[in-house]
Amino acid sequence: MGSAVHFTESLKNAGYRVTSQRRSICEFLAETDQHPTPYQVYASISERHPEISRATVYNTLNVLAQLGVIVEIAIGSDHTHYETNAEPHINLICLRCHQVTDYRQPGLPDELKADIRDGTGFEPLTARIDMLGFCEACRERKRAEIVAQWNAQHEDQALVPNR
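What comes next concerns the included structure. Note that the structure is predicted; figures quoted are calculated from it, not measured.

### Describing the overall build of the protein chain
Stage number 1. For the protein chain, the helix and strand inventory stands at 6 helices and 5 strands.
Stage number 2. Listing each helix as α and each strand as β along the protein chain from the N terminus yields α-α-α-α-β-β-β-β-α-β-α.
Stage number 3. Relative to the compact-globule value of 15 Å for 163 residues, the protein chain shows a C-alpha radius of gyration of 21 Å, a clear excess of over 25%.
Stage number 4. The C-alpha extent of the protein chain, read off along each of the three principal axes, is 70 × 50 × 25 Å.
Stage number 5. By sequence separation, contacts in the protein chain at least 24 residues apart represent 46% of the contacts at least 6 residues apart.
Stage number 6. Of the roughly 10600 Å² that the protein chain leaves accessible, carbon and sulfur atoms contribute 51%.

### Comments concerning the pairing of strand β4 (residues 100-103)
Stage number 1. Across 4 bridges, the pairing between strand β3 (residues 90-94) and β4 is antiparallel. Bridging across to β4, I90 finds its partner in Y103.
Stage number 2. Hairpin connection from β3 to β4: 5 residues lie between these consecutive antiparallel strands, with H98 at a positive phi of about 70 degrees.

### A few points about the pairing of β3
Stage number 1. In terms of burial, β3 is a largely internal element, 4 of the 5 residues being buried.
Stage number 2. When β3 meets strand β5 (residues 129-133), the two strands line up parallel, connected through 5 bridges. Along β5, the bridge assignment pairs I90 with I129.

### Remarks on the pattern of salt bridges
Stage number 1. In this structure the tally under the stated criterion is 6 salt bridges.
Stage number 2. Among the salt bridges present, the one from R104 reaches D102, with a minimum N-O distance of 3.6 Å.
Stage number 3. Among the residues examined, R104 registers a relative accessible area of 47% and is labelled partly exposed.
Stage number 4. With a shortest N-O distance of 4.0 Å, K142 and E145 are connected by a salt bridge. One end of the pair, K142, and the other, E145, are both in helix α6 (residues 136-153), 3 residues apart, so they sit about a helical turn from each other.
Stage number 5. Relative accessible area serves as the criterion here: at 43%, K142 is assigned to the partly exposed category.

### Notes on a negative patch on the surface
Stage number 1. On the surface, D110, E111, D115 and D118 cluster together to form a negatively charged patch.
Stage number 2. Topologically, D115 is positioned in helix α5 (residues 108-120).
Stage number 3. Classification of D115 by relative accessible area gives exposed; the value is 54%.

### A closer look at unusual backbone geometry
Stage number 1. Positive phi, close to 70 degrees, is recorded for H98, a residue that is not glycine.
Stage number 2. Along the polypeptide, H98 turns up in the loop between β3 and β4.
Stage number 3. On the basis of relative accessible area, H98 is assigned to the buried category, the value being 16%.

### Some thoughts on the side chain of S46
Stage number 1. Within the secondary structure, S46 sits in helix α3 (residues 38-48).
Stage number 2. For S46, the side chain forms a polar contact with the main-chain oxygen of A43, separated by 3.2 Å.

Procedures and definitions
- Residues numbered from 1 in each chain as written.
- Predicted model: local features only at pLDDT ≥ 70, side-chain atom pairs only at ≥ 80, totals over all residues.
- Heavy atoms only, no water.
- Helix = DSSP H or I, 4+ residues; strand = E, 2+ residues; numbered from the N terminus.
- Rg over C-alpha atoms; globule rule 2.2 N^0.38 Å.
- Contact = heavy atoms within 4.5 Å.
- Areas by Shrake-Rupley, 256 points an atom, 1.4 Å probe, with all protein chains shown as cover.
- Pairing = 2+ DSSP bridges.
- Buried < 20%, exposed > 50% of the residue type's maximum accessible area, 1.4 Å probe, protein only.
- Salt bridge = Lys/Arg side-chain N within 4 Å of Asp/Glu carboxyl O.
- Patch = residues over 30% accessible without salt bridge, like charges linked within 9 Å, V, L, I, M, F, W, Y side chains within 5 Å.
- Lys, Arg positive; Asp, Glu negative; His and termini not counted.
- Charge placed at Lys NZ, Arg CZ, Asp CG, Glu CD.
- Polar contact = N/O pair within 3.5 Å; in protein donor to acceptor, adjacent residues only side chain to side chain.

Written out as structure tokens, the structure is:
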């Protein structure tokens, strides 16, 4: 995760005023271990700062992303999350519930960058790896939906899910 000081200094160095609202956004981002959506940031901060507007949250997140301090993770057109963790890792993104989970495999991003450098001569500075799929909870829900649908169509032969 980034630090609130790093986030606010980045805003200041780019010529933006660091208002109490922007500071609150930066503090929230520094403290979270999640990949928050803009609405989650707004909902959390508005509890303490009811005067904050959604526009301030969205604009501040956009500026921080443009500055490269946080990374926007777009999951379709309606699901944007923000990455605040600068440590090398893989984002596991569920295509059903849009949950984003960090996966750390020691050495993996460094080994991949070295392989790319050695194989192509390209010097990668950083890596962002997103893996798309389905989380365990969504896989279980889908399995239960399929069983329920089959049972409804075949009332005389109940299907019991094997685990």
